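Listed below, chain by chain, are the residues.
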Amino acid sequence: MSGDSDCTRTSPSAGSPSDSELLPDRPKYVCTLSPDLVTKAREELQEKPEWRLRDVQALRDMVCKDYPSLGTCLDDAFLLRFLRARKFDYDRALQLLVNYHTCRRTWPEVFSNLKPSAIKPVLESGFVTVLPHRDPQGRHVVCIRPDRWTPSNYPITENIRAIYLTLEKLIQSEETQVNGIVILADYKGVSLSKASHFGPFVAKKVIGILQDGFPIRIKAVNIINEPRIFKGIFAIIKPFLKEKIANRFFLHGCDLNSLHQNIPPVILPEEYGGTAGKLDISAWNELLLASEEDFLHDFSELVLQCDSSPHDLLVSGDADEKQCDDSLRGMKPQLYYCY
(Lines give C-alpha, C1' and ligand atoms only; values in the text may rest on other atoms or scores of the structure.)
Protein backbone atom coordinates (compact mmCIF):
# COMPACT_ATOMS: atom_id res chain seq x y z
CA MET A 1 0.00 0.00 0.00
CA SER A 2 1.75 3.16 -1.12
CA GLY A 3 1.44 6.59 0.43
CA ASP A 4 0.30 8.05 -2.91
CA SER A 5 -2.56 5.60 -3.30
CA ASP A 6 -3.62 6.08 0.29
CA CYS A 7 -3.76 9.83 -0.12
CA THR A 8 -5.69 9.79 -3.36
CA ARG A 9 -8.29 7.55 -1.74
CA THR A 10 -8.51 9.43 1.53
CA SER A 11 -12.00 10.50 2.50
CA PRO A 12 -12.99 14.15 2.94
CA SER A 13 -13.13 15.80 6.36
CA ALA A 14 -15.87 15.52 8.98
CA GLY A 15 -19.39 15.69 7.68
CA SER A 16 -18.69 13.46 4.67
CA PRO A 17 -19.28 9.70 4.41
CA SER A 18 -17.32 7.73 6.97
CA ASP A 19 -13.77 6.62 6.30
CA SER A 20 -14.75 2.96 6.59
CA GLU A 21 -17.44 3.41 3.91
CA LEU A 22 -15.01 4.95 1.41
CA LEU A 23 -12.06 2.72 2.31
CA PRO A 24 -13.38 -0.78 3.02
CA ASP A 25 -9.85 -2.22 2.93
CA ARG A 26 -8.69 -0.02 5.82
CA PRO A 27 -9.14 -1.64 9.26
CA LYS A 28 -11.91 -0.04 11.26
CA TYR A 29 -10.67 1.36 14.56
CA VAL A 30 -12.08 -0.24 17.70
CA CYS A 31 -11.08 1.35 21.01
CA THR A 32 -9.57 -1.11 23.50
CA LEU A 33 -9.09 1.36 26.36
CA SER A 34 -10.79 0.69 29.67
CA PRO A 35 -13.17 3.35 31.02
CA ASP A 36 -10.43 4.50 33.43
CA LEU A 37 -7.93 4.87 30.60
CA VAL A 38 -10.46 6.73 28.46
CA THR A 39 -10.78 9.19 31.33
CA LYS A 40 -6.99 9.39 31.73
CA ALA A 41 -6.52 10.00 28.00
CA ARG A 42 -9.10 12.78 28.14
CA GLU A 43 -7.45 14.46 31.13
CA GLU A 44 -3.77 14.00 30.20
CA LEU A 45 -3.77 13.79 26.40
CA GLN A 46 -6.78 15.96 25.47
CA GLU A 47 -8.33 12.93 23.75
CA LYS A 48 -12.08 13.21 23.37
CA PRO A 49 -13.69 9.91 22.27
CA GLU A 50 -16.46 11.74 20.43
CA TRP A 51 -13.88 13.65 18.34
CA ARG A 52 -11.27 10.89 18.03
CA LEU A 53 -11.94 9.82 14.43
CA ARG A 54 -12.40 13.42 13.35
CA ASP A 55 -8.94 14.19 14.75
CA VAL A 56 -7.45 11.18 12.97
CA GLN A 57 -9.00 12.29 9.70
CA ALA A 58 -7.61 15.80 10.18
CA LEU A 59 -4.09 14.38 10.58
CA ARG A 60 -4.61 12.10 7.58
CA ASP A 61 -5.67 15.07 5.45
CA MET A 62 -2.58 17.03 6.53
CA VAL A 63 -0.29 14.14 5.57
CA CYS A 64 -1.87 13.83 2.15
CA LYS A 65 -1.76 17.57 1.52
CA ASP A 66 1.72 18.36 2.82
CA TYR A 67 3.59 15.04 2.40
CA PRO A 68 1.83 13.06 -0.34
CA SER A 69 4.97 10.95 -1.00
CA LEU A 70 5.69 10.05 2.61
CA GLY A 71 4.58 6.46 2.06
CA THR A 72 3.14 6.09 5.53
CA CYS A 73 0.41 3.87 6.88
CA LEU A 74 -2.76 5.95 7.27
CA ASP A 75 -4.85 3.55 9.35
CA ASP A 76 -6.75 5.09 12.25
CA ALA A 77 -4.93 3.04 14.90
CA PHE A 78 -1.50 3.93 13.50
CA LEU A 79 -2.15 7.68 13.29
CA LEU A 80 -3.65 7.67 16.79
CA ARG A 81 -0.24 6.77 18.19
CA PHE A 82 1.15 10.07 16.98
CA LEU A 83 -1.81 12.14 18.11
CA ARG A 84 -1.63 10.67 21.60
CA ALA A 85 2.12 11.19 21.81
CA ARG A 86 1.60 14.89 21.08
CA LYS A 87 -1.62 15.41 23.05
CA PHE A 88 -3.75 15.74 19.92
CA ASP A 89 -1.88 18.79 18.63
CA TYR A 90 -2.23 18.25 14.87
CA ASP A 91 0.92 20.14 13.85
CA ARG A 92 3.15 18.47 16.42
CA ALA A 93 1.70 15.04 15.60
CA LEU A 94 2.41 15.61 11.91
CA GLN A 95 5.98 16.65 12.66
CA LEU A 96 6.45 13.55 14.82
CA LEU A 97 5.13 11.33 12.02
CA VAL A 98 7.48 12.87 9.46
CA ASN A 99 10.41 12.62 11.88
CA TYR A 100 9.53 8.96 12.45
CA HIS A 101 10.03 8.30 8.75
CA THR A 102 13.05 10.57 8.49
CA CYS A 103 14.86 8.64 11.21
CA ARG A 104 14.20 5.40 9.35
CA ARG A 105 15.54 6.87 6.10
CA THR A 106 18.70 8.49 7.44
CA TRP A 107 20.11 5.58 9.48
CA PRO A 108 20.14 2.48 7.24
CA GLU A 109 22.51 0.61 9.57
CA VAL A 110 19.65 0.46 12.07
CA PHE A 111 16.55 0.31 9.89
CA SER A 112 17.52 -1.97 7.02
CA ASN A 113 16.17 -5.52 7.38
CA LEU A 114 14.60 -4.56 10.69
CA LYS A 115 12.81 -7.61 12.06
CA PRO A 116 12.99 -9.67 15.28
CA SER A 117 14.82 -12.64 13.77
CA ALA A 118 17.60 -10.31 12.61
CA ILE A 119 18.37 -9.23 16.19
CA LYS A 120 17.99 -12.64 17.83
CA PRO A 121 21.58 -12.66 19.19
CA VAL A 122 20.91 -9.37 21.00
CA LEU A 123 17.70 -10.73 22.51
CA GLU A 124 19.44 -13.93 23.61
CA SER A 125 22.19 -11.90 25.29
CA GLY A 126 19.64 -10.22 27.56
CA PHE A 127 20.73 -6.73 26.56
CA VAL A 128 17.10 -5.57 26.47
CA THR A 129 13.94 -7.08 27.83
CA VAL A 130 10.60 -6.05 29.29
CA LEU A 131 9.65 -6.96 32.84
CA PRO A 132 6.54 -9.18 32.98
CA HIS A 133 4.55 -6.87 35.28
CA ARG A 134 3.51 -3.25 34.80
CA ASP A 135 4.10 -0.66 37.52
CA PRO A 136 1.23 0.83 39.59
CA GLN A 137 0.69 3.48 36.90
CA GLY A 138 0.16 0.77 34.27
CA ARG A 139 3.53 1.34 32.59
CA HIS A 140 5.77 -1.38 31.18
CA VAL A 141 9.36 -1.37 32.44
CA VAL A 142 12.00 -1.76 29.73
CA CYS A 143 15.19 -3.20 31.24
CA ILE A 144 18.48 -2.44 29.45
CA ARG A 145 21.75 -4.07 30.54
CA PRO A 146 24.77 -2.81 28.54
CA ASP A 147 27.10 -5.24 30.34
CA ARG A 148 25.44 -8.09 28.40
CA TRP A 149 26.87 -6.73 25.15
CA THR A 150 30.23 -7.92 23.80
CA PRO A 151 31.39 -5.37 21.18
CA SER A 152 33.43 -7.94 19.29
CA ASN A 153 30.26 -9.94 18.58
CA TYR A 154 28.27 -7.22 16.79
CA PRO A 155 28.19 -3.40 16.50
CA ILE A 156 26.29 -1.11 18.85
CA THR A 157 23.69 -0.48 16.15
CA GLU A 158 22.37 -4.02 16.71
CA ASN A 159 21.51 -3.06 20.28
CA ILE A 160 19.69 0.02 19.03
CA ARG A 161 17.73 -2.14 16.57
CA ALA A 162 16.66 -4.41 19.43
CA ILE A 163 15.51 -1.46 21.57
CA TYR A 164 13.62 0.02 18.62
CA LEU A 165 11.75 -3.20 17.89
CA THR A 166 10.94 -3.55 21.58
CA LEU A 167 9.38 -0.08 21.56
CA GLU A 168 7.51 -0.84 18.32
CA LYS A 169 5.99 -3.91 19.94
CA LEU A 170 5.04 -2.07 23.12
CA ILE A 171 3.42 0.87 21.33
CA GLN A 172 0.99 -1.44 19.57
CA SER A 173 -0.90 -1.47 22.87
CA GLU A 174 -3.30 1.43 23.39
CA GLU A 175 -2.70 1.09 27.11
CA THR A 176 0.98 1.85 26.56
CA GLN A 177 0.15 4.74 24.24
CA VAL A 178 -1.74 6.37 27.11
CA ASN A 179 0.36 5.32 30.12
CA GLY A 180 3.82 5.48 28.58
CA ILE A 181 6.83 3.40 29.66
CA VAL A 182 9.60 3.41 32.25
CA ILE A 183 13.22 2.54 31.46
CA LEU A 184 15.52 0.73 33.89
CA ALA A 185 19.15 0.80 32.75
CA ASP A 186 21.73 -1.24 34.68
CA TYR A 187 25.23 0.05 33.95
CA LYS A 188 27.04 -2.46 36.13
CA GLY A 189 30.39 -3.43 34.62
CA VAL A 190 30.35 -0.87 31.78
CA SER A 191 33.99 -0.18 30.94
CA LEU A 192 35.66 2.76 29.25
CA SER A 193 36.22 0.78 26.04
CA LYS A 194 32.55 -0.18 25.88
CA ALA A 195 31.37 3.37 26.68
CA SER A 196 33.49 4.79 23.88
CA HIS A 197 31.21 3.08 21.32
CA PHE A 198 28.41 5.40 22.41
CA GLY A 199 29.81 8.59 20.91
CA PRO A 200 28.04 11.89 20.18
CA PHE A 201 26.83 10.81 16.74
CA VAL A 202 25.12 7.68 18.10
CA ALA A 203 23.90 9.57 21.17
CA LYS A 204 22.30 12.32 19.11
CA LYS A 205 20.64 9.83 16.78
CA VAL A 206 19.20 7.73 19.62
CA ILE A 207 18.02 10.73 21.64
CA GLY A 208 16.54 12.25 18.49
CA ILE A 209 14.50 9.11 17.88
CA LEU A 210 13.28 8.80 21.46
CA GLN A 211 12.42 12.49 21.87
CA ASP A 212 11.22 13.55 18.45
CA GLY A 213 10.98 10.50 16.20
CA PHE A 214 8.93 7.86 17.96
CA PRO A 215 5.36 7.99 19.31
CA ILE A 216 5.98 6.83 22.86
CA ARG A 217 5.84 8.61 26.21
CA ILE A 218 8.96 7.96 28.31
CA LYS A 219 7.88 8.78 31.84
CA ALA A 220 11.09 7.92 33.72
CA VAL A 221 14.65 6.68 33.11
CA ASN A 222 16.12 4.93 36.14
CA ILE A 223 19.88 4.37 36.09
CA ILE A 224 21.25 1.76 38.49
CA ASN A 225 24.83 0.65 39.28
CA GLU A 226 26.33 3.43 37.18
CA PRO A 227 30.14 3.58 37.44
CA ARG A 228 32.11 6.81 37.46
CA ILE A 229 32.39 6.53 33.70
CA PHE A 230 28.67 7.28 33.46
CA LYS A 231 29.41 10.92 34.23
CA GLY A 232 31.15 11.06 30.87
CA ILE A 233 28.33 9.19 29.13
CA PHE A 234 25.71 11.51 30.60
CA ALA A 235 27.82 14.54 29.65
CA ILE A 236 27.55 13.35 26.04
CA ILE A 237 23.81 12.73 26.26
CA LYS A 238 22.65 15.75 28.23
CA PRO A 239 23.16 18.46 25.56
CA PHE A 240 20.72 16.59 23.33
CA LEU A 241 18.05 16.18 26.02
CA LYS A 242 15.10 18.50 26.38
CA GLU A 243 14.67 19.79 29.91
CA LYS A 244 11.46 17.83 30.38
CA ILE A 245 13.20 14.54 29.58
CA ALA A 246 16.39 15.41 31.47
CA ASN A 247 14.31 15.92 34.62
CA ARG A 248 13.00 12.36 34.27
CA PHE A 249 16.47 10.82 34.69
CA PHE A 250 17.09 9.29 38.13
CA LEU A 251 20.59 8.12 39.04
CA HIS A 252 20.42 5.63 41.92
CA GLY A 253 23.98 4.30 42.04
CA CYS A 254 23.96 1.07 44.07
CA ASP A 255 21.12 2.28 46.31
CA LEU A 256 18.28 -0.19 45.75
CA ASN A 257 16.10 1.64 48.28
CA SER A 258 16.32 4.70 46.06
CA LEU A 259 15.33 2.60 43.04
CA HIS A 260 12.38 1.14 44.96
CA GLN A 261 10.98 4.62 45.50
CA ASN A 262 10.46 4.80 41.73
CA ILE A 263 9.80 1.15 40.88
CA PRO A 264 8.15 -1.00 43.57
CA PRO A 265 9.98 -4.21 44.57
CA VAL A 266 6.86 -6.28 43.86
CA ILE A 267 7.44 -5.97 40.09
CA LEU A 268 11.25 -6.06 40.18
CA PRO A 269 13.34 -9.24 39.81
CA GLU A 270 15.60 -10.46 42.61
CA GLU A 271 18.62 -8.93 40.88
CA TYR A 272 17.28 -5.49 41.79
CA GLY A 273 16.04 -6.28 45.29
CA GLY A 274 12.59 -7.26 44.08
CA THR A 275 10.23 -10.09 44.91
CA ALA A 276 9.20 -11.09 41.37
CA GLY A 277 11.68 -13.95 41.06
CA LYS A 278 14.77 -14.19 38.87
CA LEU A 279 14.95 -11.99 35.79
CA ASP A 280 13.56 -14.09 32.94
CA ILE A 281 14.17 -12.84 29.40
CA SER A 282 12.64 -15.83 27.62
CA ALA A 283 8.99 -14.72 27.74
CA TRP A 284 9.66 -11.35 26.11
CA ASN A 285 12.00 -12.87 23.54
CA GLU A 286 9.38 -15.42 22.53
CA LEU A 287 6.71 -12.73 22.25
CA LEU A 288 8.86 -10.49 20.08
CA LEU A 289 10.09 -13.28 17.83
CA ALA A 290 6.53 -14.53 17.38
CA SER A 291 5.64 -11.08 15.99
CA GLU A 292 7.86 -11.46 12.92
CA GLU A 293 5.01 -11.52 10.39
CA ASP A 294 3.30 -8.55 12.03
CA PHE A 295 6.45 -6.47 11.71
CA LEU A 296 7.00 -7.51 8.10
CA HIS A 297 3.44 -6.40 7.27
CA ASP A 298 3.56 -3.16 9.26
CA PHE A 299 6.98 -2.07 8.01
CA SER A 300 6.05 -2.87 4.41
CA GLU A 301 3.70 0.13 4.59
CA LEU A 302 6.44 2.44 5.86
CA VAL A 303 8.64 2.71 2.77
CA LEU A 304 9.48 6.23 1.66
CA GLN A 305 8.68 6.86 -1.96
CA CYS A 306 11.50 7.19 -4.46
CA ASP A 307 10.53 10.72 -5.44
CA SER A 308 10.79 12.02 -1.87
CA SER A 309 13.40 14.74 -1.69
CA PRO A 310 15.43 15.68 1.39
CA HIS A 311 13.51 18.95 1.47
CA ASP A 312 10.31 17.00 2.17
CA LEU A 313 11.77 15.87 5.50
CA LEU A 314 12.56 17.64 8.73
CA VAL A 315 16.00 16.31 9.66
CA SER A 316 19.32 16.72 7.85
CA GLY A 317 21.59 13.75 8.45
CA ASP A 318 24.63 15.60 7.08
CA ALA A 319 24.18 18.46 9.52
CA ASP A 320 23.82 16.00 12.39
CA GLU A 321 27.01 14.19 11.41
CA LYS A 322 29.01 17.42 11.22
CA GLN A 323 27.79 18.60 14.61
CA CYS A 324 28.48 15.23 16.18
CA ASP A 325 31.94 14.98 14.60
CA ASP A 326 32.76 18.33 16.17
CA SER A 327 31.59 17.06 19.55
CA LEU A 328 33.54 13.82 19.16
CA ARG A 329 36.86 15.60 19.57
CA GLY A 330 36.15 16.27 23.23
CA MET A 331 34.57 12.96 24.08
CA LYS A 332 37.45 10.65 24.95
CA PRO A 333 39.30 13.09 27.23
CA GLN A 334 36.01 13.58 29.05
CA LEU A 335 35.54 9.84 29.46
CA TYR A 336 39.10 9.23 30.60
CA TYR A 337 38.79 12.01 33.17
CA CYS A 338 35.63 10.49 34.61
CA TYR A 339 37.09 7.02 34.54
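To be clear, the structure that these remarks concern was listed above.
This text gives an overview of the structure that appears in the document. (Residues numbered from 1 in each chain as written. Predicted model: local features only at pLDDT ≥ 70, side-chain atom pairs only at ≥ 80, totals over all residues. Heavy atoms only, no water.)

**Quick word on the packing of helix α9 (residues 156–170) against helix α16 (residues 282–289)**
Now for step 1: Taken N-terminus to C-terminus, the directions of α9 and α16 make an angle of 80 degrees; their axes are 11 Å apart at the nearest point. Between α9 and α16, the crossing angle belongs to the class labelled roughly perpendicular. Contact residues: α9 offers Leu-165, Thr-166, Lys-169 and Leu-170, while α16 offers Trp-284, Leu-287 and Leu-288.
Now for step 2: Looking at side-chain class alone, the contact of α9 with α16 contains 5 nonpolar, 1 polar and 1 charged residues. (Axes fitted to C-alpha atoms, helices over the stretch in contact; angles between N-to-C directions. Helix = DSSP H or I, 4+ residues; strand = E, 2+ residues; numbered from the N terminus. Parallel < 35°, antiparallel > 145°, perpendicular 65-115°, else oblique. Contact = heavy atoms within 4.5 Å. Nonpolar A, V, L, I, M, F, W, Y, C, P; charged D, E, K, R; others polar.)

**Concerning unusual backbone geometry**
Now for step 1: Although it is not a glycine, Gln-46 sits at a positive phi angle of roughly 60 degrees.
Now for step 2: For Gln-46, the position within the fold is in the loop between α3 (35–45) and α4 (52–66).

**Considerations on the pairing of strand β2 (residues 140–144)**
Now for step 1: For β2, the tally of buried residues reaches 5 of 5 residues, placing the bulk of the element in the interior.
Now for step 2: Residues His-140, Val-142 and Ile-144 of β2 are buried on one face, and the alternating residues Val-141 and Cys-143, pointing to the opposite face, are buried as well.
Now for step 3: Across 5 bridges, the pairing between β2 and strand β3 (residues 181–186) is parallel. From the neighbouring strand, Ile-144 faces β3, where its bridge partner is Ala-185. (Buried < 20%, exposed > 50% of the residue type's maximum accessible area, 1.4 Å probe, protein only. Pairing = 2+ DSSP bridges.)

**Describing the sheet that holds β3**
Now for step 1: If you walk across this open sheet you meet the 5 strands as β1-β2-β3-β4-β5, and the pairing is mixed. At either margin of the open sheet sits one strand with a lone partner, and together these are β1 (128–130) and β5 (249–251). Taking the axes of each pair of neighbouring strands and ignoring which way they run, one obtains an average angle of 20 degrees across the sheet.
Now for step 2: Two elements, strand β4 (residues 218–224) and β5, share 3 bridges in a ladder whose sense is parallel. Each bridged residue has a counterpart across the sheet, and for Asn-222 the counterpart in β5 is Phe-250.

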